[in-house]
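Residues per chain, in single letters:
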Amino acid sequence: MNTLEITKDTPQQAQEEKAKTTKISGSQAVLEAFIAEGVDTIFGYPGGAIMPIYDALYDYNDRLKHILVRHEQGGIHAAQGYARTSGKTGVVFATSGPGATNLVTGLADAMIDSNPIVCVTGQVFAHLLGTDAFQETDVINITTPVTKWNYQVTDACEIPAALAKAFYIARTGRPGPVLIDITKNAQLQLFDYEGYTSCNHIRSYRPAPIVRKEYIAAAAELINQAKKPFVLFGQGVILGKAENEFKAFIEKTGIPAAWTIMGLSALPTDHPLNVGMLGMHGNYAPNVLTNECDVLIAIGMRFDDRVTGRLDKYAKQAKVIHLDIDPAEIDKNVKTTVPVWGDCKETLPLLTALVQANQHSEWVQKFRELEQEEVKEVTHAELNPGEGEMTMGEVINVLNELANDDAVIVTDVGQHQMVACRYARFKQSKSNVTSGGLGTMGFGLPAAIGAWYGAPHRNVVAIIGDGGIQMTIQELGTIMQFGAKVKILILNNQFLGMVRQWQQLFHDKRYSFVNITSPDYVAVAKGYYIPGKRVDQRANLREALQEMLNHDGSYLLEVMVGKENNVFPMVPQGSSVSEIRLK
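Calculation criteria
Residues numbered from 1 in each chain as written. Predicted model: local features only at pLDDT ≥ 70, side-chain atom pairs only at ≥ 80, totals over all residues. Heavy atoms only, no water. Helix = DSSP H or I, 4+ residues; strand = E, 2+ residues; numbered from the N terminus. Buried < 20%, exposed > 50% of the residue type's maximum accessible area, 1.4 Å probe, protein only. Contact = heavy atoms within 4.5 Å. Areas by Shrake-Rupley, 256 points an atom, 1.4 Å probe, with all protein chains shown as cover. Lys, Arg positive; Asp, Glu negative; His and termini not counted. Charge placed at Lys NZ, Arg CZ, Asp CG, Glu CD. Core = buried A, V, L, I, M, F, W, Y, C linked by side-chain atoms within 4.5 Å. Pairing = 2+ DSSP bridges. Right-handed = clockwise from strand over helix to strand, strands pointing away. pLDDT = per-residue confidence, 0-100.

1. Description of the overall build of the protein
Phase 1 of the analysis: Secondary structure assignment for the protein yields 24 helices and 20 strands.
Phase 2 of the analysis: Counting only C-alpha atoms, the protein reaches 100 × 65 × 40 Å along its principal axes.
Phase 3 of the analysis: For the protein, buried positions account for 57% of its 583 residues.
Phase 4 of the analysis: Considering only intrachain contacts with a sequence separation of at least 6, the fraction spanning at least 24 residues in the protein is 78%.
Phase 5 of the analysis: Counting only carbon and sulfur atoms, one obtains 50% of the accessible surface of the protein, whose full area is about 24200 Å².
Phase 6 of the analysis: Side-chain charges of the protein comprise 53 positive and 63 negative groups, with the mean position of each set lying 4 Å from the other.

2. As for the nonpolar core
Proteins that are soluble and globular tend to have nonpolar side chains buried together.
Phase 1 of the analysis: Grouped together as the largest cluster of nonpolar side chains are 102 residues, with contacts concentrated most on F230, F246, F249, L296, I299, I321 and L489.
Phase 2 of the analysis: The dominant element in this core, judged by the number of residues it contributes, is helix 17 (residues 361-383), at 6 residues.
Phase 3 of the analysis: By size, the runner-up hydrophobic cluster in this structure holds 47 residues, among which are F43, A100, L445 and Y521.

3. Let's talk about the pairing of strand 3 (residues 65-68)
Phase 1 of the analysis: As judged from the 4 bridges shared by strand 2 (residues 41-44) and strand 3, these two strands associate in the parallel manner. Opposite F43, over in strand 3, you have I67 as the bridge partner.
Phase 2 of the analysis: Handedness of the crossover joining strand 2 and strand 3 through helix 4 (residues 51-57) is recorded here as right-handed.

4. Quick look at the confidence of the model for the protein
Phase 1 of the analysis: Of the residues in the protein, 97% reach a pLDDT of 70 or more, and the chain-wide mean stands at 96.
Phase 2 of the analysis: Within the model, pLDDT remains below 50 along residues 1-8, and this stretch shows 1 contact once partners closer than five positions in the same chain are excluded.

If you want it as structure tokens, here you go:
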């Protein structure tokens, strides 16, 4: 008997085997992966090298929403805003060459601020790689320093597994951006599709360290012995979805807690143990008392230079406990007495179980006393100027009241960002969206668009300066076409304010190219069919802000504020945090 006849499938077996697989294109496989991963919104811009994916997307319009941005940088910033308010992974499409390179700033921003993003870029045909073909760039080598992982696909068969790894890596451990570059032939190629299997393990990748109970016990012992303990918390609390665990920890121990700008909103502003903002333009008390505490407990933050000031004068008197999911952050900037590696969602309850219930009333009172000093010297005049030019602080103060402390505040970068972080009030987490580590001007408007898609049930207010708005103002076209109900609040001081402040304080007021001219923003908005108003009188401020918030749709409000107002307190660069200036 012929061996081939023995091993040959029967017609029924062949039919069953065929039923297990379906021939689809690589482009379809991309979209099937998105659906399996729970993606509902894509921010992107089409082009030649990614055209097959866009062609396939035509048949998925009922399952995937695509937002056509006006620039690829706007797309990735929108994905960041979406990720920050939704808690999901942001997704971006871009074509090859300039489309891909336009993502680099957003990738760097997402990398340093730990935003889970998956970018899919089109690439030239595989046989053209390395030939300097039209719109070919080596996107893998370009983006390696600013991605958590990247990979180039040249065969459609690799697409399901590559995207499964991409989503897993982007969202687990310390989140970050991932880029998958897919050649055009792989997008067009038909292959036997056996379904999508999500990834939950990679041999060479450990997203969360093994929690060592002995370090938890050592940390608890230090905390129990402390007379002046102080908690610093960052975005790790939000990313770990550990807001309740964090609150339980500080309430049991009675320890005052201060936040980085990325950690803002993890704890309600009015919580009795919330003592304010850390860092260069943070509150007076937490900066000064950092150098008086005896135990410093850092949770989900990375001791950025804007938080620490001079490292050789930073908390040298204190024992340091550092809770972080990323072992690379332990001892990177500040030497740790007890490292607690792991997800704070897991480590905080273990620590809370071992610490003693306590109240540090006298220590907390010291924060409140210094807070009153700041109110007297800085805050009261900033929030309640009464006469003269309007201040950024009073605008934020009225906005808080009218929005009932419940808006999502998205900021660009500059003086308005520091003022908004200092004075915006929050009741719930995932309410503050800003570019922290990279400080990307132009972030605010597109990030606000994405933030609204991530939380369409909430009021999303983009607070932007007259410099940053002009960097990505074309995204008004995205709002016009797709209807994101973003409120755009431009605080116009007719300067690149933060640079001007430094030039005033540290360069003898030699104002070098910081006087920036603006267009008529209300007229520009009108050109995009977005209503707006300009306010330059205090008497009209409240009514204008109320009109903006009440409007059912996007709205642009330009408020003219003082030209040469400075943001204080301030830790001068190269100074200790305890040398913070009130004036």
